[in-house]
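Descriptive analysis of the structure
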Amino acid sequence: MDKKIKVAVIGATGAVGQVFMWMLSDHPWFEVVYATASAARVGLKYASTVHWVMPLEMPANIRDIEVKEFNFAAMKEAGVTIVFSALPAEVAREAEPQLRDNGFHVFSNAAAMRYDKNVPVLVPEANLETLDLIKEQGYPEKGFVVTNANCVTTGLAMGIAPLKKYGIKSITLHSYQSVSGAGYPGLSSFDITDNCIPFIKGEEEKVEKEIKKILDIDPEVYAFTVRVPVLFGHLEAVWLDFEQNVEVEDVIRDWENFKVVCDLPSTPAQPIQYGSDPTFPQPKYAFWGNPQGMVVYAGRLKKKNGKIGFLLLVNNVVKGAAGGSIQNAEAFVTRFNLI
Ligand SMILES: NC(=O)c1ccc[n+]([C@@H]2O[C@H](COP(=O)([O-])OP(=O)(O)OC[C@H]3O[C@@H](n4cnc5c(N)ncnc54)[C@H](OP(=O)(O)O)[C@@H]3O)[C@@H](O)[C@H]2O)c1
């Protein structure tokens, strides 16, 4: 590509916004020309104002990007066509429809528009065809919003999409979710240090709604979601009940054969990687893989009384958030021949 597509990151200083800035700093198709945060940061250089929580060094070429105000005319003047949103849901609820109405192609992490009929909750490996819903939003004449799922649901969707063909009757999910999932500054250290919090507001309802929308299935869902004192990576213990008989060997083969239907820069060659070591996977592997953080790791696979059980690890801020959105934008660019 001789000319990169100009993009904006809105909410660029939060836990997810930082991952956008890190991943986009060296992207083959996209170039960040506009970044926003809350009003108090406008005019400041990114490195001087962000509280960098990523476990990787801040790329040199994003340090001097100036935080700008949320202004459609200025974004258009800067040449922005794609907007990556890492806004809190309540802010996104107002901002994202406005962005769409102003003709931008919005890829959002916020829950605000996920349940709208014409808005896809896209996980390209699992439901690439739902990208066509943007035409019902008026694309190419108008802008659109594409969302990615809540972080824990993304991991679950990846783990069970290749098994959908067996007929999923019920899903039991117990999650162990890292503190970065609550954004920055997130929880008080007093509450989470040396402790687990057995309630994440709205999370279990999101899992149930989103997994059904993403995979177009209607199983019973039994979910408990728990916050644990880990920085990055959500671990998910899953039990599935199927209509057909399924063996652990079938699951391993289906995971191995699970590839995205189109080749995208942010898609790993092997998006789900299974390990048979009984201590695998662990959140400390959250930034493993190529691209880092985009692989979902699976382990502890077993069968009991006809049910299949396993553990998954998803990097909540990368595959479960910013990386997933970037992959969605890559899928859009590829599917609509914009390169
Ligand atoms: N963290 C995760 O693992 C994860 C995973 C999937 C989806 N999500 C979703 O992704 C979104 C971002 O999450 P996060 O964890 O990155 O949140 P966060 O750390 O709280 O960051 C929010 C960002 O939005 C900006 N912002 C807040 N209020 C604003 C306002 N009124 N106007 C303009 N900008 C404003 C913040 O700027 P300041 O820094 O200046 O306040 C910051 O850049 C949320 O909708 C969340 O539910 C998060």
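Keep in mind that what you see is a predicted model, and the values were worked out from it rather than measured. (Residues numbered from 1 in each chain as written. Predicted model: local features only at pLDDT ≥ 70, side-chain atom pairs only at ≥ 80, totals over all residues. Heavy atoms only, no water.)

1. Comments concerning the domain arrangement of the protein
Looking at the protein, the domain boundaries give domain 1 (5–149 + 321–335) and domain 2 (151–315). Computed over C-alpha atoms, the centres of domain 1 and domain 2 are 24 Å apart. Each partner contributes residues to the interface: domain 1 has 32 residues there, and domain 2 has 28 residues. The contact between domain 1 and domain 2 buries some 2,500 Å² in all, and 70% of this surface belongs to carbon and sulfur atoms. Where domain 1 packs against domain 2, one counts one salt bridge. With a closest N to O distance of 2.9 Å, Arg114 and Glu210 form a salt bridge. For the pair domain 1 and domain 2, the interface holds nine residue pairs in polar contact (both at pLDDT 80 or more). At the level of secondary structure, the elements contributing two or more residues to the side of domain 1 that touches domain 2 comprise α1 (15–24), α5 (124–127) and α11 (318–335). (Domains from an automatic or database assignment. Contact = heavy atoms within 4.5 Å. Buried area = accessible area lost by both parts, 1.4 Å probe. Salt bridge = Lys/Arg side-chain N within 4 Å of Asp/Glu carboxyl O. Polar contact = N/O pair within 3.5 Å; in protein donor to acceptor, adjacent residues only side chain to side chain. Helix = DSSP H or I, 4+ residues; strand = E, 2+ residues; numbered from the N terminus.)

2. Observations regarding the site of the ligand
For the ligand, the set of nearby residues contains 25 residues, the closest of which are Thr13, Val16, Ser38, Arg41 and Leu87. The side chain of Arg41 places a nitrogen or oxygen atom 2.6 Å from an oxygen atom of the ligand. At a separation of 3.0 Å, an oxygen atom of the ligand approaches a polar side-chain atom of Asn316. Elements supplying a minimum of two residues to the shell around the ligand: α1, α4 (89–101) and α11. Split by residue class, the shell around the ligand holds 14 nonpolar, 10 polar and one charged. Taken domain by domain, the shell around the ligand gets at least three of its residues from each of domain 1 (5–149 + 321–335) and domain 2 (151–315). (Near = heavy atom within 4 Å. Nonpolar A, V, L, I, M, F, W, Y, C, P; charged D, E, K, R; others polar.)

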